[in-house]
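Close look at the chain arrangement
Spelled out from the first residue to the last, the chains are:
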Amino acid sequence: MAEERHKEIERSAEEIVESFVKAAEGLPSEREMYYSQEAYNIVRPDGKPSSSEERTEFRKRFIKIMPAKDEDGNLRVEVAKWVK
Amino acid sequence: MMVGLEVHQQLATERKMYCDCPTNYQDVPPNTNVCPICTGMPGSKPLSPNEKAVDAAIELALMLGCKVVIDKPTYIQRKHYDYPDLPSGYQRTSLPIAVDGELQGVRIREVHLEEDPGQYDPTVGSVDFNRSGVPLVEIVTEPDMRSPEDARRFLRQLIRVLEFTGKVRPEAGGAMRTDVNISLEGGARVEVKNINSVKGAYKALKFEITRQKAKLGRGEAVVRETRAYLESQMITTSMRLKEMEEDYRYIPDPDIFPLVIDDAKVQNIREQMVEPPHLREQRLVEQYGIQQAAANVIVSERKFADLFEEVAKEVDPKLAAMWFRTKLKKVFNYMKLSAADIKFTPKQLITLLQMIQHHKVTPEQGELVLRELVKKPADPKELVQRLGLERIEWENLELAVKEAIRRNQKAVKDYLAGRKEALNFIAGKVMELTGGRADPREILKLLRAELLKKS
Amino acid sequence: MGEVTKAKLDQLRSGELSPVENARRALERISKLNPKINAFIEVNNGAVAQAEALERKLKRGKRAGKLAGLAIGIKSNINVNGLRATCASRTLEDYVAAYDAEVVKRVLAEDGIVIGMNNMDEFACGSSGETSAFGVTDNPAAPGRIPGGSSSGGSAAIAAGMCDLCLGTDTGGSIRNPASHCGVVGVKPTYGLVPRQGLIDLGMSLDQIGPIAPDVYGAALLLEVIAGKNLNESVMLDVPKASYIDKLDGADIKGMKVGVSPQFVEITDSAVMNVIDKSIEALRDLGAEIVDVELPHIEEAMPAYYLIVSVEFFSATRKFDGRKYGKRIEDVCGDEVLRRILRGRYISQKEYRGKYYQRALQVRTIIRRELMAALEKVDVIVGPTVPKLPHKLGTKLTPMEMYAYDYLTIPANLAGICGGVVKAGEVDGIPVGLQVQGMVLGEEQVLRVMRAFEAVS
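Note that the structure is a prediction, hence the values are computed from the model and not measured.

In this section: the overall build of chain B. Scanning chain B for helices and strands turns up 16 helices and 16 strands. Scaling as 2.2 N^0.38, a compact globule of 455 residues should have a C-alpha radius of gyration of about 23 Å, whereas chain B reaches 32 Å, well beyond that. Taken over the C-alpha atoms alone, chain B extends approximately 100 × 55 × 40 Å along its principal axes. Of all 455 residues assigned to chain B, the portion counted as buried reaches 43%. Long-range pairs, those at least 24 residues apart, make up 67% of the contacts in chain B with a sequence separation of at least 6.

This brings us to the overall build of chain C. Secondary structure assignment for chain C yields 16 helices and 11 strands. Rg of the C-alpha trace for chain C: 20 Å, near the compact-globule value of 23 Å for 457 residues, within the 12% margin. Viewed in the frame of its principal axes, chain C has a C-alpha envelope of about 60 × 60 × 45 Å. The proportion of buried residues among the 457 residues of chain C is 65%. When contacts within chain C are restricted to residue pairs at least 6 apart in sequence, long-range pairs at least 24 apart make up 77% of them.

Domain assignment breaks chain B into domain 1 (2–263), domain 2 (275–386) and domain 3 (394–454). The distance between the C-alpha centroids of domain 2 of chain B and domain 3 of chain B comes to 33 Å.

Here we come to the interface of chain A and chain C. In this assembly, 29 residues from chain A lie in contact with 39 residues from chain C. Ranked by residue count, the leading element in the side of chain A that touches chain C is helix 1 (residues 2–24) of chain A, at 11 residues. For the side of chain A that touches chain C, a count of residues per class yields 18 nonpolar, five polar and six charged.

Here the focus is the environment of T226(B). Turning to its location among the elements, T226(B) is positioned in strand 13 (residues 225–230). Sequence-wise, T226(B) and D439(B) are 213 residues apart; in three dimensions their C-alpha atoms are separated by 72 Å.

Our next topic: the confidence of the model for chain C. Close inspection of predicted coordinates is inappropriate for parts of the model with low pLDDT. Mean pLDDT over chain C stands at 97; residues scoring 70 or higher make up 100%. Among the prediction metrics, the complex's ipTM stands at 0.96, with pTM recorded as 0.86.

On the chain B side, the residues contacting the 33 residues of chain A number 40 residues. Residue assignment for the side of chain A that touches chain B shows that the elements contributing at least two residues are helix 2 (52–64) and strand 1 (75–76) of chain A. Here the residues of the side of chain A that touches chain B sort into 17 nonpolar, five polar and 11 charged. Strand direction decides the pairing type here: strand 1 of chain A and strand 9 (residues 126–128) of chain B, joined by two bridges, are antiparallel. Opposite R76(A), over in strand 9 of chain B, you have S126(B) as the bridge partner.

This part covers unusual backbone geometry. Backbone torsion omega between G149(C) and S150(C) reads 10 degrees, so that peptide bond is classified as cis. Considering the arrangement of structural elements, one finds S150(C) in the loop between strand 3 (113–118) and helix 5 (152–159). The phi torsion at K336(B) lies on the positive side, around 55 degrees, for a residue other than glycine. Relative to the assigned elements, K336(B) resides in the loop between helix 9 (317–334) and helix 10 (346–357). For K336(B), a count of 7 C-beta atoms within 10 Å corresponds to the exposed category.

The next thing to look at is the sheet that holds strand 1 of chain A. Pairing in this open sheet of three strands is antiparallel, and the strands run 1(A)-9(B)-8(B) from one edge to the other. The two strands at the open ends of the sheet, each matched to only one other strand, are strand 1 of chain A together with strand 8 (119–121) of chain B.

Attention now goes to the sheet that holds strand 8 (residues 289–292) of chain C. Residues and elements named next belong to chain C. Taking strand neighbours across the sheet as the criterion, the 11 strands line up as 1-3-2-4-6-5-10-11-9-7-8 in an open arrangement whose pairing is mixed. Two strands in the sheet have a free side with no partner beyond their single neighbour: strand 1 (40–43) and strand 8. Across the sheet, the axes of successive neighbouring strands diverge by a mean angle of 30 degrees, strand direction being ignored. Relative to strand 6 (residues 208–213), strand 5 (residues 185–188) is paired through two bridges, and the arrangement is antiparallel. Residue pairing in the sheet places V185 in a bridge with A213 of strand 6.

Describing two packed helices takes the angle between their axes plus the distance from one axis to the other. Residues and elements named next belong to chain C. Interhelical geometry of helix 2 (residues 19–37) versus helix 3 (residues 47–59) gives an angle of 165 degrees and a closest axis separation of 8 Å. In this view, helix 2 runs roughly antiparallel relative to helix 3, as classed from their interaxial angle. Crossing geometry of helix 2 relative to helix 3 is assigned as right-handed. Residues P19, V20, A23, R24 and L27 of helix 2 form the contact with helix 3, whose participating residues are A47, V48, A51, E52, L54 and E55. Taken together, the residues of the contact of helix 2 with helix 3 break down into eight nonpolar, no polar and three charged.

Glancing now at the pairing of strand 6 (residues 98–103) of chain B. The two faces of the sheet receive side chains in turn, since in a regular strand these alternate between them. Residues and elements named next belong to chain B. Two elements, strand 2 (residues 67–68) and strand 6, share two bridges in a ladder whose sense is antiparallel. The residue bridging V68 from the neighbouring strand is A98, located in strand 6. Pairing geometry for strand 6 and strand 7 (residues 106–115), over five bridges, is antiparallel. Directly across from G101, in strand 7, lies its bridge partner I108. Two successive antiparallel strands, strand 6 and strand 7, enclose a turn made up of two residues, where Q104 displays a positive phi of approximately 55 degrees.

Residues and elements named next belong to chain B. Examined against the element boundaries, E372 turns out to sit in helix 11 (residues 363–375). Considered as a pair, E372 and Q385 are 13 residues apart in the sequence and their alpha carbons are 12 Å apart. The residues contacting E372, other than those within four sequence positions of it, are L383 and L387.

What follows deals with the environment of Q445(C). All names here are of chain C. Tracing the chain through its elements places Q445 in helix 16 (residues 443–456). The class for Q445 is buried, based on 23 C-beta atoms found within 10 Å. Residues Q445 and A251, 194 residues apart in the sequence, show an inter-C-alpha distance of 9.7 Å. Those residues in contact with Q445 that sit more than four places away from it in its chain are D379, V380 and G438.

All names here are of chain B. With 18 residues, helix 9 should reach 26 Å at 1.5 Å per residue; the first-to-last C-alpha distance of 24 Å fits that figure. Approximately 40 degrees is the largest bend angle found in helix 9, and it occurs at F324. Three or more residues of helix 9 are buried, namely A320, A321, W323, F324 and L328. One or two steps after helix 9, the chain reaches K336, where phi turns positive at roughly 55 degrees.

If you look at the biggest cluster of nonpolar residues, it comprises 233 residues, and the most contacted ones within it are A57(B), A61(B), V111(B) and I72(C). In terms of residue count, the dominant contributor to this core is helix 10 (residues 301–316) of chain C (12 residues). Those residues in contact with I72(C) that sit more than four places away from it in its chain are V107(C), G112(C), I113(C), V114(C), I115(C), C163(C), D164(C), L165(C), C166(C) and L167(C). Grouped together as the second largest cluster of nonpolar side chains are 29 residues, L284(B), L307(B), L349(B) and L352(B) included.

The next subject is the confidence of the model for chain B. For chain B, per-residue confidence averages 91 on the pLDDT scale, and 98% of positions sit at 70 or higher. Of all the helices and strands in chain B, helix 4 (residues 242–245) of chain B carries the lowest mean pLDDT, 56, while strand 5 (residues 90–94) of chain B carries the highest, 98.

Residues and elements named next belong to chain B. Relative orientation of the contacting elements helix 2 (residues 148–165) and helix 3 (residues 198–217) amounts to 165 degrees, with a least axis distance of 9 Å. By the angle class used here, helix 2 and helix 3 are roughly antiparallel. In this structure, the crossing between helix 2 and helix 3 has a hand that is right-handed. From helix 2, P148, A151, R152, L155 and R156 reach across to helix 3, where they touch V198, A201, Y202, L205 and K206. Its residues placed into classes, the contact of helix 2 with helix 3 shows seven nonpolar, no polar and three charged.

Definitions and limits used
Residues numbered from 1 in each chain as written. Chains lettered and ligands numbered in written order. Predicted model: local features only at pLDDT ≥ 70, side-chain atom pairs only at ≥ 80, totals over all residues. Helix = DSSP H or I, 4+ residues; strand = E, 2+ residues; numbered from the N terminus. Rg over C-alpha atoms; globule rule 2.2 N^0.38 Å. Buried ≥ 20, exposed ≤ 12 C-beta atoms within 10 Å, placed from the backbone. Contact = placed C-beta atoms within 7 Å. Domains from an automatic or database assignment. Nonpolar A, V, L, I, M, F, W, Y, C, P; charged D, E, K, R; others polar. pLDDT = per-residue confidence, 0-100. Pairing = 2+ DSSP bridges. Axes fitted to C-alpha atoms, helices over the stretch in contact; angles between N-to-C directions. Parallel < 35°, antiparallel > 145°, perpendicular 65-115°, else oblique. Left-handed = near helix turned anticlockwise from the far one by under 90°. Expected span 1.5 Å × (residues − 1). Bend = angle between axes of the 7 residues up to and from the residue. Core = buried A, V, L, I, M, F, W, Y, C linked by C-beta atoms within 7 Å.

Okay, structure coming up:
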C-alpha cells in the first residue's frame, strides 16, 4: 500500500521535470546561479569558544527532546548492523 | 598489490569549523560542547568557516608539496549519507584546496577541508556530538604503497611532517583516522574504515591481505566493498552498507559562500610557515645549486640552515655549503655545540669565509680561525693577525722556498732522481720556515717550478 | 486606510491600552475564531506573562521597543524557544524548539509579544493552506476558499484580526500569495536582508522571512525590526540595520517609473487582470510614469524553480531521520512533501545533475538577468500576484495545477529581489492583491508605492 503510494508520487513528481526540460530547450547555456550574491572568502577568525554557561541551557533542552538517551547524556540510537 | 590511504587529521583550532563551540571534545561529558548548529537542529545555519582551519589546510598542503587551487571557487559541498553520527544527514566537505603533492615517494592526490562527525559507538548504539564539527583536513594518496610496511612508514612520516607544523591536534586517540584502500591482483578494491592508529592501519592491511589471498586461492571473487576494522579483534568485517556506496548527491552548500584562494594568500602562508626539513633540503639544492648531501646535513638543524642561508647571501654558496657540511659541522660536533649555542655573529662567519674565498687565508688557516671564533668570537681579521696567520707575501715565500731547497740538498737530489715523495718533504720544510702561513698548494707549485730550473 | 497598526501602537504607547490587555484580547479572539479558521497550531501560554514583564519594564520608566506590546504570530517553521516548531507536519509535531530564531530574538528585543505559532502548508510545500497535518486553514476574507500558502495561518490571522502582525516565510510566493488571497499586506524581503538562523529550510537559496500585516505601515515596521545583518550566520547581505517607517509618511510616487510587463497579461485570468489594470490606472493618477518592460522568459521560471527547490529541500530534510528529535520524515509526511523529496533525490544524482539541477540554475541566471535589466529601466514592477482566484476548499487540483499559482511570484525568489503585496480590489468579494517588485535592497521604493496606493484605495 505504502509502496504504491510511493510509486504514484514518484511518478507525479516527474511531470514538472519533463515540463522543465521542454521549457529550457531553446534557452542558451549560462553560468549556474548558486547564490543570490557574488561573495567569496567570508570566513570567521578562530578564538575564544562559547562559554559553558551559554551552552548549558541548550544542552538541557537538547537532551530533553531526545527520543532515547542514557544517564550520561548520550543520544541512544540503533546498534550497527555489522557489529558481531 | 596497491594500497592507498585517506587520512583524516583534526586541526588545532579553539572553535569548531562552523560554530563557536569548543573543540576539546575528550575533556567534557557527552553532548556538552554542542549548540543547535553542530547538532543539526531544525533551522540551524552554519557560521562562516573557521579561518584558522582554512589557513592550516593550505599550510599542510604546502608541506606536502601540493599545488594549491587558486583563483577558482572552492565550494563547500554537502555530502549526503545516512549515519547516526552525522547530525544533518550530510557532511560539509570542500572541493580540493590543493592537488598533486608527494611525500616519501607516495603521491598525494588531494587535500580538502571537512568537519568531523559525532562519535558513534556502533556496539552500544550511542552518539556523542561533542566532536561533531571539529575541523578536519583530509589527505588522499594515490595507491602508490605496495605493502603494509610501506603504509606504516608513510603514515609515520606523515605524522612527523604534520606535527612539525604545530597546526594539527596532537595524536592522542583519534586526532588522526585513516581509511585504507587495498586491492590485490585479480581482486576488486576494498575499503577499510574505522582505523584510529598507525598500528591499526598496519594490522588491518595484514588481515585484509590474508583474507583476500585466501579467497582468491579458493577461486572466490574479492568483491568491491566497505569493511570496518575491529581493533579489539584485529580483524575487518563487512559493513554491508548499501547506502554508503550510493551517490552522495554533492551540491554546493547554499548556506556557505565559496572560498577563492589567491596566490598572495599562498605566498603569505608560505612565508609565515616553518619550512620542514624535507622541503628545505630540496629548496637549498635548487636555489643555491649545492649538493644534496650537503643540503641534507645543513637542514639537520633549523638554526644551522638559517645560518647557512644568511651566509650564502654574501659568500659563494658552494664554498659555504662545503664548509658547513665539513669543517663547521666538525667543529660543532667536537665542541658538542648546536647552531643554537653559537656566540659568533653571522657577519663574522661571512667575513671569515670571504677571506677564504678570496685566498686571503688558506683553508687550513681558516679552520684554525674558526675554532677560535667558536670559542671566543672576534673579528676574523683580528684573529688572523693575532694568530700570526696572515698569508705570507709572495717574495717571502719565494725566499723560503729557495732556502728550503738550499738546506735540503739530499731531498732535492732524491726528487730529481724520480722520488716524488721527496717533494712533500721539502714542502714540509717550507711550511716550517713560513710558520704555516703559506698555502701548501702554492708551496708545491713554486717548488716544482724552482726544481725544474735545476734539472 | 492603512492606519490600523499605527492606531494600535498609539494606544499602546499612550497607555490607553496595556500590553496585557492587548495580549488577552488577542488570545480571546483566537480562542473564538480559531476553531473555524485554524490559523494557529499552538497558542503561547506564556504570552500574558511576556506582556506583564513588558508592563513592569515600562513602569520602571524604560521606553518600549518598536513593537511596544503588539501581538505577533510566528509561522510554525520558525524556532521559538519553548513552543513547538511543527512545520505543520507529523514529522515535528512534538518538536519543542530548543532555541530562538534570530528574527524571534529581534521581535522580543523590540517588545513584541509572541502570541502563537501560525498554521501553514506542510514544510512550506504548498500554495493553498490545505496540506497542513493539523487541518486546513479557511480564508476569513473569502470564507470557504483557500487562504493561499504556505503562510496560510499568518495571512488568515491578520485578515481575521486575530493578532496585530505575523511573520511568514516566502520561497516561491508563500507570503505574497496568501496576502493576495486574504486581502492583507505581505512583503518578501530581498534575499539576504533578513536572517534565516532558526528558520526550518524549504529552499536555502530562496527562503526569506517577511512580515504579514493589516497595512503597509505594520509591514514596514516589522520588516525594520527583523532586517539587518546577523553575524551568526554566513550568507547574508552586508547591510546593517534598515529603517522604513519614517519614509512612509506622505509617500509620494510622482515621477516614479513603474514597469508593467505584457507577459503578465498572458499568464493571468482576465478577472484578476481587470482589478490590476484599475490599480495601474490609480498609480498613473498618482503621478507615476507607466513603462512597458519585457520579461520574455518569465514563464520558464516556474519549472526551473521546482527543480531547484526540490534539490535543496531534499538536502534540507536529511536531518529528519527520527534519531535526535521527531520522526523520520518519509515515514509520516504528506504527498507534496514526499513528492519534492523524491524529485530532489532523483535529479541530484550524479548522472542527472547537469541535465536537471545545473540546467535549472542556468535558467535562474537568465531570469535574474531579465529582471535586473527591467529594474534598470524602472523603479518598481507592478502586476498581479496570482494568475487566478483562490479555489474553493476541497477542490481537487493536480500538482501542476497547484504549481500554476506560483508563476508570478517565483521570479522574485529566483532573482533574489524584493516584492510586496497590497490589496488592489475584489472579484465577487474575493480579494485580489497588487504585487510590487523592486530591485535588490529596493524595499524603500516598493513600500512607498504600496503605501501611496493604499492611501487611495
